[in-house]
Amino acid sequence: MLPFITHGGFGAGDAMVEVRRLAPNAGFAEPFILECDQERDNLNALREWLSDVTESIPGGRRG
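Scope of this entry: the structure provided in the associated data block. All values derive from a computational prediction rather than experimental measurement. (Residues numbered from 1 in each chain as written. Predicted model: local features only at pLDDT ≥ 70, side-chain atom pairs only at ≥ 80, totals over all residues. Heavy atoms only, no water.)

What follows deals with the nonpolar core. With 5 residues, the main nonpolar core is built from Ala-29, Phe-32, Leu-34, Trp-49 and Val-53. Within the residue set of this core, elements represented by two or more residues are β2 (32–35) and α2 (39–56). When residues no more than four places from it in sequence are discounted, the contact partners of Phe-32 are Pro-3, Phe-4, Ile-5, Asn-42, Ala-45, Leu-46 and Trp-49. (Core = buried A, V, L, I, M, F, W, Y, C linked by side-chain atoms within 4.5 Å. Buried < 20%, exposed > 50% of the residue type's maximum accessible area, 1.4 Å probe, protein only. Helix = DSSP H or I, 4+ residues; strand = E, 2+ residues; numbered from the N terminus. Contact = heavy atoms within 4.5 Å.)

Written as structure tokens, this is what we have:
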């Protein structure tokens with residue numbers, strides 16, 4: 001699973017604890033945690049995270 005967590009300035013809190021509780025048998029990539037206040041910076045951070053996680057998924061990087 002590719003956890004994508006957004007927040008308004010107080011951090012991710014217990015989001016990953018809750019996600020793992022709801023899907024105890026799932027494997028998780030490093031979560032993408034984003035404070036949603038800076039659109040351009042957020043988009044660049046998302047692109048970098050997607051690039052990193054797709055490289056870690058077997059068959060995830062194509063061409």
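The subject of this paragraph is the packing of aromatic side chains. One pass over the structure, following the stated rule, counts 3 aromatic pairs. Where Phe-4 meets Trp-49, the ring centres are 6.3 Å apart and the plane angle is 70°; that geometry is what we call edge-to-face. With Phe-4 in strand β1 (residues 4–7) and Trp-49 in helix α2, the pair connects residues that are 45 residues apart, well separated along the chain. The partly exposed category is assigned to Phe-4, whose relative accessible area is 43%. Exposure remark for Trp-49: the relative accessible area of 10% places this residue in the buried category. Taken together, the ring pairs connect Phe-4, Phe-32 and Trp-49 into an aromatic cluster. (Phe/Tyr/Trp six-rings, centres within 6.5 Å; stacked < 30°, edge-to-face > 60°.)

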